[in-house]
Amino acid sequence: MQAVYIESHGGPDVLTLGERPEPNVEPHQVMIRVRACALNRLDIYTREGDRGLRREFPPPLILGGDCAGDIVEVGEQVRGLSTGDRVLVNPKITCQQCPACLAGQDDLCPRPQFMGSALDGSYAELTAVPAVNVHPIVNEVSYEQAAAVPTTFLPMWNMLQRKIQLKAWETVLVLSASAGVGTAAIEVASKAIGARVIATTSTAEKAEKARELGADEVINYNEEDITERVKALTDGKGVDAVVDHVGADFFSSAFSSLRPGGRYGICGATTGLRTELHLGLLFSRQIQIFGVFMGTKEDMQEITALLNRGTVHPVIHEVFPLAEVAAAHRTMEETNFFGKLLLTP
Ligand SMILES: [Zn+2]
């Protein structure tokens, strides 16, 4: 089958399109004919061997996590799924045997493996995955939209619904609204929960798109001070919650934007891993901080239901053919896009 793999770490040039053997379907797995896969930061870090992801070659590694497609083969132990089913794939594979997995808290599994990083992934015509990692999608949902969901909407659903428990009458600050996670945060907060959303972004064009998506207010962080603007927009009170997926650059201004008793959720740190926390403010203002990394299978089931009902519509920036994977990676590194970047085999 055709697939995109790497045989060493490096820039986009190490991405190779070529023939790889078809995967075997184990008894607990299904084989998916991939129709679309979505790019994530993890793909870039894996390619570069950055952030603790250096590995030994050979064997070559097929990149890619999030994807959607058709089931073409079903393992002998699998129940409830059939060939021809249209599905999306949750790329985080957990052991299903540890106490956390058995308690339904599989986001805390100590042995998770990511498709396209620890295991061969979805930049391919075919991929084999555990049946518990696939979720059926309705005909009205495109493969591209479904592939855009797992790594963006799953942590947002876990963060806003389960951890922060955002309410319809509350206001949430969403940092950097243009990336996949930022657009998912706006959609979950405004459409699924019904809360008021203040988003931050870097250009007037991205601000307009954030408004179309459901943001009530948008702060251009190149022109305005985030904390001051949030104060003005909330009658001096501050926001009830913050969604952070960018880390160091905005932590201090976002943290200062919270009301007493506010909740701070963080699920990524693309601008830097280290920052300073004012411990006096943390306890005197009784702030709660939630670290969020993907979510549980139950979270995935719930967000897929919202996708199937048409409550959320993932934003797609551009779809590239598999052969143009290097251009897709470069676009992601330039960060001048709004929504998800996808590949179609
Ligand atoms: Zn486990």
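These numbers come from a predicted model, not from an experiment. (Residues numbered from 1 in each chain as written. Predicted model: local features only at pLDDT ≥ 70, side-chain atom pairs only at ≥ 80, totals over all residues. Heavy atoms only, no water.)

A.B. asks: Could you give me a rundown of the sheet that holds strand β16 (residues 288-291), with the residues and numbers involved?
C.D. replies: Taken in spatial order, the six strands line up as β13-β12-β11-β14-β15-β16 in an open sheet, and their pairing is parallel. The sheet is open, and its two borders are formed by β13 (217-220) and β16, each paired with just one other strand. Each neighbouring strand pair of the sheet contributes to a mean axis angle of 20 degrees, computed without reference to strand direction. Bridging between strand β14 (residues 239-244) and strand β15 (residues 258-266) involves five bridges; their strand directions are parallel. Bridging across to β15, Val242 finds its partner in Tyr264. Each of β12 (196-201) and β13 is contacted by helix α6 (residues 204-213), which is oriented at about 160 degrees to β13, the strand it contacts most. (Pairing = 2+ DSSP bridges. Helix = DSSP H or I, 4+ residues; strand = E, 2+ residues; numbered from the N terminus. Axes fitted to C-alpha atoms, helices over the stretch in contact; angles between N-to-C directions. Contact = heavy atoms within 4.5 Å.)

A.B. asks: Any details on the pairing of β15? Residues and values, ideally.
C.D. replies: Read from β14 through helix α8 (residues 248-255) to β15, the crossover connection turns out right-handed. Two strands pair when backbone bridges link them, and β15 and β16 are joined in this way by four bridges, in the parallel orientation. Looking across to β16, one finds that Gly265 is bridged to Phe290. (Right-handed = clockwise from strand over helix to strand, strands pointing away.)

A.B. asks: Break down helix α1 (residues 41-48) for me, with residues and values.
C.D. replies: Within the span of α1, buried status applies to Asp43, Ile44, Tyr45, Thr46 and Arg47. Where α1 is buried, its residues contact β1 (2-6), β3 (29-38), β4 (61-62) and α11 (325-334). Residue Gly49 follows α1 closely and has a positive phi angle near 75 degrees. (Buried < 20%, exposed > 50% of the residue type's maximum accessible area, 1.4 Å probe, protein only.)

A.B. asks: Tell me what's going on with the domain arrangement of the protein chain, and back it up with residues and numbers.
C.D. replies: Here the domain parsing of the protein chain yields domain 1 (2-148 + 315-344) and domain 2 (153-291). On the domain 1 side of the interface with domain 2, the three residues burying the most area are Arg51, Val315 and Phe338, jointly 54% of the side's total. Our enumeration of links across domain 1 and domain 2 arrives at two residue pairs in polar contact (both at pLDDT 80 or more). Its residues placed into classes, the side of domain 1 that touches domain 2 shows five nonpolar, four polar and four charged. (Domains from an automatic or database assignment. Buried area = accessible area lost by both parts, 1.4 Å probe. Polar contact = N/O pair within 3.5 Å; in protein donor to acceptor, adjacent residues only side chain to side chain. Nonpolar A, V, L, I, M, F, W, Y, C, P; charged D, E, K, R; others polar.)

A.B. asks: How would you explain empty space enclosed by the protein if you had to name every residue and give the values?
C.D. replies: Per the stated rule, a full pass over the model turns up one cavity of 30 Å³ or more. In this model, the largest cavity occupies a volume close to 30 Å³. If you go around the largest cavity, the residues you meet are Ala148, Thr152, Phe153, Gly180, Thr183, Ala184, Glu187, Pro314, Val315 and Lys340. Looking at the lining of the largest cavity, the elements that each hand over two or more residues are α4 (150-163) and α5 (180-193). Per-class residue counts for the lining of the largest cavity are five nonpolar, three polar and two charged. A domain-level breakdown of the lining of the largest cavity finds at least three residues from each of domain 1 (2-148 + 315-344) and domain 2 (153-291). (1 Å grid on protein atoms, 1.4 Å probe; cavity = no way out; pocket = protein on both sides within 12 Å on 5 of 7 lines; lining within 4 Å. Points joined across faces, edges and corners; volume = space filled by probe spheres on them.)

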